[in-house]
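Inside the fold
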Amino acid sequence: MTQPSVDISARTPDKDYLDVFDTNANSHCLPLLATAIGYKLRRAQLAVFQDFQKSFACVKLRPTEFAVLSLIATTPGQKQTEVAEQLGIKRANFVALMDCLETRGLAERRKGDIDRRSHSLHLTAKGSDFIAEISKLWAQHEKRIIERLGGEENRDALIALLDRLLAGKKRTPIPRR
């Protein structure tokens, strides 16, 4: 059984993402990467992260640090384990991440009143000022991504589709602002 030939040249002038799997007889069931969901999600993630890194290079902030600070700012007092779980970060990795944020003076861990083994997370005064500063960078970054998507309606549709993919997960959803 032979594979029908597929003309990918007509799909788009930007062919850099159209790398395809080998279509020899041994791999006849493999799709074009251009239609592979995981591949497209990964490439989109890289594009968004590259823009993020350019946007936040001046304040030396990584996407994961941003996410942690955002969750602490939105809901101060959450336990370390809760924030780590929401972001899908392993405990050991999260401890190192919080160590970094504490060293920078942006966030702090406070021992719980009842359970002294648990720590609640809070922004410092410097962290609150930092959030005000990076909020402007975030707005500019987000605006560029929304423009690339073709507007807020397309952003909302994409988020709804991604939420459907994530629906089977047990993680607590990250609150949207």
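Preceding this paragraph is the structure being described.
Okay, so let's go over this structure. (Residues numbered from 1 in each chain as written. Predicted model: local features only at pLDDT ≥ 70, side-chain atom pairs only at ≥ 80, totals over all residues. Heavy atoms only, no water.)

1. Some details on the packing of helix H2 (residues 63–74) against helix H3 (residues 80–87)
Contact pair H2 / H3: the axes reach a minimum separation of 11 Å and the direction vectors enclose 130°. Here H2 is positioned oblique relative to H3, judged by the angle of their axes. Between H2 and H3 the crossing geometry is right-handed. For the pair H2 and H3, contact is made by Ala67, Val68 and Leu71 and by Val83, Gln86 and Leu87, respectively. Split into classes, the residues belonging to the contact of H2 with H3 amount to 5 nonpolar, 1 polar and no charged. (Axes fitted to C-alpha atoms, helices over the stretch in contact; angles between N-to-C directions. Helix = DSSP H or I, 4+ residues; strand = E, 2+ residues; numbered from the N terminus. Parallel < 35°, antiparallel > 145°, perpendicular 65-115°, else oblique. Left-handed = near helix turned anticlockwise from the far one by under 90°. Contact = heavy atoms within 4.5 Å. Nonpolar A, V, L, I, M, F, W, Y, C, P; charged D, E, K, R; others polar.)

2. Looking at a nonpolar patch on the surface
A grouping of Ile37, Leu41, Leu149, Leu158, Leu162, Leu165 and Leu166 is seen on the molecular surface, where their side chains present a nonpolar patch of about 610 Å² in accessible area. Going through the elements one at a time, helix H1 (37–56) and helix H6 (152–166) are the ones with two or more residues in the nonpolar patch. If you tally residues by element for the nonpolar patch, the top one is H6, at 4 residues. (Patch = residues over 30% accessible without salt bridge, like charges linked within 9 Å, V, L, I, M, F, W, Y side chains within 5 Å. Areas by Shrake-Rupley, 256 points an atom, 1.4 Å probe, with all protein chains shown as cover. Salt bridge = Lys/Arg side-chain N within 4 Å of Asp/Glu carboxyl O.)

3. Some remarks on the packing of aromatic side chains
For the structure shown, the criterion picks out 4 aromatic pairs. Measuring from ring centre to ring centre gives 4.2 Å for Phe52 and Phe56, while their planes differ by 20°; the resulting arrangement is stacked. With a gap of 4 residues between them, Phe52 and Phe56 both fall in helix H1, about one helical turn apart. What links up through ring pairs into an aromatic cluster is the set Phe52, Phe56, Phe66 and Trp138. (Phe/Tyr/Trp six-rings, centres within 6.5 Å; stacked < 30°, edge-to-face > 60°.)

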